[in-house]
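# Descriptive structure summary
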Amino acid sequence: YIMIPITDKIKFIEGKNQGRYIFSNSLYIDDDLKAIIDTGTGKSPLRKLKKNYVGNDEILIINSNVHEDHICGNYIFKNSKIALHRIEVPILENIDRLAELYGIDDPKYKEMNEQFFAIFNLRNYKADIKIEDNHIFDLGEIKLQTIHAPGHCAGHCMFWESNNKILFLADIDLSSFGPWYGDISSSVTDFINSINKAIKLNPDIAISSHKGVYKEEIREKLKIFLDKIYDREEKILNFLDKKHTLEEIVNKAFIYGKFPEPEEMFAIAERIMVKLHINRLLDAKKIEENPKSSFFAI
Ligand SMILES: [Zn+2]
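Residues numbered from 1 in each chain as written. Predicted model: local features only at pLDDT ≥ 70, side-chain atom pairs only at ≥ 80, totals over all residues. Heavy atoms only, no water.

### What to know about helix α7 (residues 218-239)
Short version of the rule: Here a helix means four or more residues in a row that DSSP labels H or I, a strand means two or more in a row labelled E, and each is numbered from the N terminus. Multiply 1.5 Å by the residue count of a helix minus one, and that product is the helix's expected span. For every residue, the accessible area obtained with a 1.4 Å probe (protein chains only) is divided by the maximum for its type, and the residue is called buried under 20%, exposed over 50%, and partly exposed between those limits.
Here α7 is 22 residues long and its end C-alpha atoms lie 32 Å apart, about the 32 Å a rise of 1.5 Å per residue gives. Looking only at α7, the buried set comprises I218, L222, F225, L226, I229, R232, E233, I236, L237 and F239.

Given below as C-alpha coordinates:
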(Lines give C-alpha, C1' and ligand atoms only; values in the text may rest on other atoms or scores of the structure.)
Protein backbone atom coordinates (compact mmCIF):
# COMPACT_ATOMS: atom_id res chain seq x y z
CA TYR A 1 0.00 0.00 0.00
CA ILE A 2 1.11 3.56 -0.60
CA MET A 3 1.68 5.85 2.37
CA ILE A 4 3.16 9.26 1.67
CA PRO A 5 4.40 11.38 4.59
CA ILE A 6 3.12 14.95 4.28
CA THR A 7 4.61 16.10 7.59
CA ASP A 8 6.24 13.92 10.25
CA LYS A 9 2.81 13.35 11.80
CA ILE A 10 0.46 13.55 8.83
CA LYS A 11 0.46 10.75 6.27
CA PHE A 12 -1.50 10.27 3.07
CA ILE A 13 -2.82 6.76 2.44
CA GLU A 14 -3.76 6.09 -1.13
CA GLY A 15 -6.96 4.15 -1.74
CA LYS A 16 -6.99 1.15 -4.05
CA ASN A 17 -7.30 1.98 -7.75
CA GLN A 18 -5.61 5.30 -6.90
CA GLY A 19 -8.55 6.25 -4.73
CA ARG A 20 -11.04 6.33 -7.59
CA TYR A 21 -14.63 5.62 -6.59
CA ILE A 22 -15.60 2.94 -5.25
CA PHE A 23 -12.50 3.61 -3.12
CA SER A 24 -11.25 6.84 -1.54
CA ASN A 25 -8.01 8.20 -0.07
CA SER A 26 -7.36 8.66 3.65
CA LEU A 27 -5.26 10.90 5.82
CA TYR A 28 -3.65 9.37 8.90
CA ILE A 29 -2.49 11.57 11.79
CA ASP A 30 0.04 9.90 14.06
CA ASP A 31 -0.20 12.14 17.12
CA ASP A 32 -0.92 11.71 20.87
CA LEU A 33 -4.41 10.77 19.75
CA LYS A 34 -4.26 8.85 16.49
CA ALA A 35 -6.79 9.81 13.86
CA ILE A 36 -7.80 8.85 10.35
CA ILE A 37 -9.96 10.79 7.93
CA ASP A 38 -12.20 8.34 6.04
CA THR A 39 -11.90 4.59 5.69
CA GLY A 40 -12.63 3.88 2.03
CA THR A 41 -9.13 2.88 0.91
CA GLY A 42 -10.01 -0.82 0.72
CA LYS A 43 -9.35 -3.39 3.41
CA SER A 44 -5.65 -4.12 2.98
CA PRO A 45 -4.26 -0.56 3.41
CA LEU A 46 -6.29 -0.16 6.60
CA ARG A 47 -5.23 -3.56 7.95
CA LYS A 48 -1.58 -2.67 7.33
CA LEU A 49 -2.01 0.70 8.98
CA LYS A 50 -3.53 -1.04 11.98
CA LYS A 51 -0.71 -3.57 12.15
CA ASN A 52 2.16 -1.09 11.66
CA TYR A 53 0.93 2.05 13.42
CA VAL A 54 -2.27 1.80 15.41
CA GLY A 55 -2.15 -1.57 17.14
CA ASN A 56 -4.68 -1.68 19.95
CA ASP A 57 -4.53 2.06 20.61
CA GLU A 58 -7.68 4.07 20.33
CA ILE A 59 -8.14 5.79 16.98
CA LEU A 60 -10.44 8.63 16.09
CA ILE A 61 -12.22 8.01 12.78
CA ILE A 62 -13.30 11.26 11.16
CA ASN A 63 -15.76 10.68 8.31
CA SER A 64 -15.80 13.59 5.85
CA ASN A 65 -19.29 12.55 4.79
CA VAL A 66 -21.64 9.59 5.18
CA HIS A 67 -21.34 8.21 1.64
CA GLU A 68 -20.42 4.54 1.31
CA ASP A 69 -16.98 5.19 -0.20
CA HIS A 70 -15.88 7.15 2.90
CA ILE A 71 -17.27 5.08 5.77
CA CYS A 72 -17.15 1.48 4.56
CA GLY A 73 -13.94 0.52 6.43
CA ASN A 74 -14.90 2.00 9.80
CA TYR A 75 -15.32 -1.52 11.18
CA ILE A 76 -11.62 -2.35 10.74
CA PHE A 77 -10.73 -0.35 13.86
CA LYS A 78 -12.44 -1.85 16.87
CA ASN A 79 -11.07 0.56 19.49
CA SER A 80 -12.34 3.69 17.82
CA LYS A 81 -14.52 6.74 18.17
CA ILE A 82 -16.33 8.02 15.09
CA ALA A 83 -16.89 11.68 14.23
CA LEU A 84 -19.30 12.90 11.54
CA HIS A 85 -21.23 16.08 10.80
CA ARG A 86 -24.35 15.97 12.96
CA ILE A 87 -26.71 16.34 9.95
CA GLU A 88 -25.64 12.94 8.61
CA VAL A 89 -25.52 11.05 11.90
CA PRO A 90 -29.04 9.56 11.47
CA ILE A 91 -27.88 8.03 8.16
CA LEU A 92 -24.70 6.54 9.64
CA GLU A 93 -26.73 5.01 12.45
CA ASN A 94 -29.23 3.51 9.99
CA ILE A 95 -27.21 2.98 6.85
CA ASP A 96 -30.12 1.61 4.77
CA ARG A 97 -31.22 5.22 4.60
CA LEU A 98 -28.40 5.92 2.12
CA ALA A 99 -30.91 4.73 -0.48
CA GLU A 100 -33.06 7.75 0.39
CA LEU A 101 -30.15 10.09 -0.30
CA TYR A 102 -29.67 8.56 -3.74
CA GLY A 103 -33.38 8.55 -4.53
CA ILE A 104 -33.46 4.76 -4.85
CA ASP A 105 -35.51 3.91 -1.76
CA ASP A 106 -38.61 3.11 -3.83
CA PRO A 107 -39.39 -0.65 -3.69
CA LYS A 108 -39.12 -0.79 -7.50
CA TYR A 109 -35.35 -0.20 -7.11
CA LYS A 110 -34.94 -2.93 -4.50
CA GLU A 111 -32.72 -5.16 -6.63
CA MET A 112 -30.48 -2.33 -7.85
CA ASN A 113 -30.26 -1.11 -4.30
CA GLU A 114 -29.13 -4.47 -2.94
CA GLN A 115 -26.59 -5.08 -5.71
CA PHE A 116 -25.14 -1.63 -5.27
CA PHE A 117 -24.70 -1.70 -1.51
CA ALA A 118 -23.56 -5.33 -1.33
CA ILE A 119 -20.09 -4.41 -2.63
CA PHE A 120 -19.46 -2.03 0.28
CA ASN A 121 -19.93 -4.26 3.31
CA LEU A 122 -22.04 -1.56 4.95
CA ARG A 123 -23.26 -1.63 8.51
CA ASN A 124 -24.67 0.81 11.03
CA TYR A 125 -22.26 2.84 13.16
CA LYS A 126 -22.80 4.92 16.23
CA ALA A 127 -21.40 8.44 15.88
CA ASP A 128 -19.55 9.30 19.09
CA ILE A 129 -18.77 12.89 18.10
CA LYS A 130 -21.34 14.94 16.20
CA ILE A 131 -19.43 17.76 14.60
CA GLU A 132 -20.35 21.13 13.13
CA ASP A 133 -18.50 23.90 11.32
CA ASN A 134 -15.32 24.95 13.17
CA HIS A 135 -15.17 21.91 15.41
CA ILE A 136 -11.51 21.51 16.40
CA PHE A 137 -9.97 18.08 16.80
CA ASP A 138 -7.11 18.48 19.28
CA LEU A 139 -4.90 15.49 18.57
CA GLY A 140 -1.81 16.73 20.47
CA GLU A 141 0.57 18.69 18.29
CA ILE A 142 -1.91 18.70 15.42
CA LYS A 143 -5.17 20.60 15.61
CA LEU A 144 -7.61 19.87 12.80
CA GLN A 145 -10.33 22.39 12.08
CA THR A 146 -13.63 21.26 10.58
CA ILE A 147 -14.79 23.34 7.62
CA HIS A 148 -18.41 22.49 6.90
CA ALA A 149 -18.55 22.40 3.09
CA PRO A 150 -22.04 21.32 2.01
CA GLY A 151 -23.01 20.88 -1.62
CA HIS A 152 -21.80 17.37 -2.43
CA CYS A 153 -24.12 16.38 0.39
CA ALA A 154 -25.51 18.26 3.38
CA GLY A 155 -22.94 17.09 5.92
CA HIS A 156 -19.84 17.18 3.73
CA CYS A 157 -16.80 18.61 5.55
CA MET A 158 -13.24 19.59 4.73
CA PHE A 159 -10.48 19.59 7.36
CA TRP A 160 -7.86 22.30 7.80
CA GLU A 161 -4.48 22.13 9.48
CA SER A 162 -3.44 25.77 9.68
CA ASN A 163 0.23 25.44 10.74
CA ASN A 164 1.18 23.64 7.55
CA LYS A 165 -1.74 25.02 5.51
CA ILE A 166 -2.94 21.52 4.68
CA LEU A 167 -6.54 21.14 3.48
CA PHE A 168 -8.32 17.80 3.19
CA LEU A 169 -10.76 18.58 0.37
CA ALA A 170 -12.76 15.35 0.60
CA ASP A 171 -15.19 15.24 -2.35
CA ILE A 172 -14.26 18.65 -3.68
CA ASP A 173 -12.08 16.15 -5.39
CA LEU A 174 -10.63 18.05 -8.40
CA SER A 175 -11.63 15.18 -10.67
CA SER A 176 -12.04 15.80 -14.39
CA PHE A 177 -15.68 14.73 -13.99
CA GLY A 178 -16.23 17.80 -11.84
CA PRO A 179 -18.45 18.33 -8.81
CA TRP A 180 -20.94 15.57 -8.02
CA TYR A 181 -24.24 16.62 -6.46
CA GLY A 182 -26.59 13.72 -7.16
CA ASP A 183 -27.70 13.22 -3.56
CA ILE A 184 -31.10 14.58 -2.52
CA SER A 185 -29.32 16.64 0.15
CA SER A 186 -26.96 18.13 -2.48
CA SER A 187 -27.00 21.80 -3.41
CA VAL A 188 -25.29 23.44 -6.39
CA THR A 189 -25.25 26.84 -4.73
CA ASP A 190 -23.74 25.43 -1.53
CA PHE A 191 -21.18 23.55 -3.62
CA ILE A 192 -20.10 26.79 -5.29
CA ASN A 193 -19.76 28.47 -1.89
CA SER A 194 -17.80 25.53 -0.50
CA ILE A 195 -15.31 25.52 -3.39
CA ASN A 196 -14.88 29.25 -2.83
CA LYS A 197 -14.16 28.56 0.86
CA ALA A 198 -11.36 26.21 -0.21
CA ILE A 199 -9.98 28.81 -2.63
CA LYS A 200 -10.02 31.43 0.12
CA LEU A 201 -8.09 29.24 2.54
CA ASN A 202 -5.31 29.18 -0.06
CA PRO A 203 -3.81 25.86 1.03
CA ASP A 204 -0.17 24.94 0.35
CA ILE A 205 -1.13 21.27 0.28
CA ALA A 206 -4.53 19.88 -0.69
CA ILE A 207 -5.70 16.29 -0.45
CA SER A 208 -8.52 15.03 -2.66
CA SER A 209 -10.52 11.97 -1.65
CA HIS A 210 -10.40 10.54 -5.16
CA LYS A 211 -7.31 12.05 -6.80
CA GLY A 212 -4.40 12.48 -4.41
CA VAL A 213 -2.05 15.12 -3.00
CA TYR A 214 -1.67 18.52 -4.65
CA LYS A 215 1.11 20.98 -3.89
CA GLU A 216 0.97 23.31 -6.87
CA GLU A 217 -1.58 25.57 -8.53
CA ILE A 218 -4.25 24.45 -6.09
CA ARG A 219 -6.39 27.54 -6.44
CA GLU A 220 -6.24 27.33 -10.23
CA LYS A 221 -7.32 23.69 -10.07
CA LEU A 222 -10.18 24.56 -7.73
CA LYS A 223 -11.33 27.28 -10.13
CA ILE A 224 -11.30 24.85 -13.06
CA PHE A 225 -13.31 22.41 -10.93
CA LEU A 226 -15.77 25.18 -10.02
CA ASP A 227 -16.19 26.23 -13.65
CA LYS A 228 -17.54 22.78 -14.53
CA ILE A 229 -20.69 23.74 -12.64
CA TYR A 230 -21.16 26.87 -14.73
CA ASP A 231 -20.39 24.98 -17.96
CA ARG A 232 -23.10 22.44 -17.18
CA GLU A 233 -25.61 25.15 -16.40
CA GLU A 234 -24.76 26.92 -19.66
CA LYS A 235 -25.30 23.71 -21.66
CA ILE A 236 -28.69 23.15 -20.06
CA LEU A 237 -29.68 26.76 -20.65
CA ASN A 238 -28.65 26.58 -24.32
CA PHE A 239 -30.62 23.37 -24.79
CA LEU A 240 -33.70 25.22 -23.51
CA ASP A 241 -33.60 27.52 -26.54
CA LYS A 242 -36.34 25.11 -27.51
CA LYS A 243 -38.80 23.80 -24.95
CA HIS A 244 -37.96 20.47 -23.35
CA THR A 245 -39.22 18.34 -20.49
CA LEU A 246 -37.03 17.43 -17.53
CA GLU A 247 -36.74 13.87 -18.88
CA GLU A 248 -35.53 15.14 -22.24
CA ILE A 249 -32.84 17.18 -20.51
CA VAL A 250 -31.82 14.22 -18.35
CA ASN A 251 -31.58 11.96 -21.41
CA LYS A 252 -29.05 14.33 -22.98
CA ALA A 253 -26.68 13.40 -20.10
CA PHE A 254 -25.11 16.86 -20.09
CA ILE A 255 -23.39 16.04 -16.81
CA TYR A 256 -22.36 12.39 -17.18
CA GLY A 257 -21.84 12.51 -20.94
CA LYS A 258 -22.57 8.81 -20.98
CA PHE A 259 -24.09 6.90 -18.07
CA PRO A 260 -21.86 4.20 -16.57
CA GLU A 261 -23.37 0.88 -15.48
CA PRO A 262 -25.83 0.52 -13.82
CA GLU A 263 -27.21 3.09 -16.25
CA GLU A 264 -30.55 3.42 -14.52
CA MET A 265 -28.91 4.41 -11.25
CA PHE A 266 -26.66 7.04 -12.81
CA ALA A 267 -29.61 8.45 -14.74
CA ILE A 268 -31.29 8.98 -11.37
CA ALA A 269 -28.22 10.90 -10.17
CA GLU A 270 -28.18 12.92 -13.40
CA ARG A 271 -31.84 13.74 -12.84
CA ILE A 272 -31.18 15.03 -9.32
CA MET A 273 -28.29 17.17 -10.59
CA VAL A 274 -30.21 18.53 -13.59
CA LYS A 275 -33.15 19.37 -11.33
CA LEU A 276 -30.87 21.48 -9.13
CA HIS A 277 -29.71 23.46 -12.17
CA ILE A 278 -33.30 23.86 -13.39
CA ASN A 279 -34.30 25.27 -10.00
CA ARG A 280 -31.40 27.72 -10.09
CA LEU A 281 -32.33 28.82 -13.62
CA LEU A 282 -35.98 29.24 -12.58
CA ASP A 283 -34.95 31.28 -9.52
CA ALA A 284 -32.76 33.48 -11.71
CA LYS A 285 -35.72 33.85 -14.13
CA LYS A 286 -33.53 32.62 -16.97
CA ILE A 287 -36.10 29.94 -17.83
CA GLU A 288 -39.81 29.46 -17.34
CA GLU A 289 -41.88 26.45 -16.55
CA ASN A 290 -45.13 25.72 -18.32
CA PRO A 291 -47.13 24.10 -15.52
CA LYS A 292 -49.60 22.45 -17.91
CA SER A 293 -47.14 20.76 -20.24
CA SER A 294 -44.19 20.32 -17.84
CA PHE A 295 -41.90 21.94 -20.40
CA PHE A 296 -39.06 24.28 -19.54
CA ALA A 297 -37.87 27.01 -21.89
CA ILE A 298 -36.10 30.34 -21.98
ZN1 LIG B 1 -16.43 10.25 -2.36
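Still more ground to cover, so stick around.
### Thoughts on the state of the cysteines
Counted only if it meets this: The rule for a disulfide is simple: a pair of cysteine sulfur atoms within 2.5 Å.
In this structure the tally under the stated criterion is 0 disulfides. C72 carries a free sulfur, and the closest cysteine sulfur to it, the one in C153, is 15 Å from it. Of all cysteine sulfurs, the one in C157 lies closest to C153, which takes part in no disulfide; the gap is 8.7 Å.

### Notes on the coordination of the zinc ion
Going by this rule: A donor here means an N, O or S atom no more than 2.8 Å from the metal, or no more than 3.2 Å when the metal is Na, K or Ca. Since water is not included, a site may seem to lack partners.
Around the zinc ion, the protein contributes the donor atoms D69 (OD), H70 (NE2), D171 (OD), D171 (OD) and H210 (NE2), which lie 2.1 to 2.6 Å from the metal centre. Donor residues for the zinc ion sit on one chain with the sequence pattern D-H-x100-D-x38-H. Here D171 is found in the loop between β11 (166-170) and α6 (188-201), whereas its partner H210 is found in the loop between β12 (205-208) and β13 (213-214), with 39 residues between them in sequence. Residue classification places D171 among the buried positions, given a relative accessible area of 4%.

### Some remarks on a positive patch on the surface
Put simply, the rule is: Only residues whose relative accessible area exceeds 30% and that form no salt bridge are eligible for patches; like-charged ones are grouped when within 9 Å, while nonpolar side chains (Val, Leu, Ile, Met, Phe, Trp, Tyr) are grouped when within 5 Å. To measure how exposed things are, a 1.4 Å probe is used in the Shrake-Rupley method; for residues, cover is taken only from the protein chains shown. Here, a salt bridge means any Lys or Arg side-chain nitrogen found within 4 Å of an Asp or Glu carboxyl oxygen. Charge assignment in this entry is limited to Lys and Arg as positive and Asp and Glu as negative, and neither His nor the chain termini are counted. For this purpose, a charge sits on NZ of Lys, CZ of Arg, CG of Asp or CD of Glu.
There is a patch of like positive charges on the surface, built from K16, K43, R47, K48, K51, K78 and R123. Tracing the sequence through the fold places K16 in the loop between β2 (10-13) and β3 (26-30). Judged by relative accessible area, which is 37%, K16 ranks as partly exposed.

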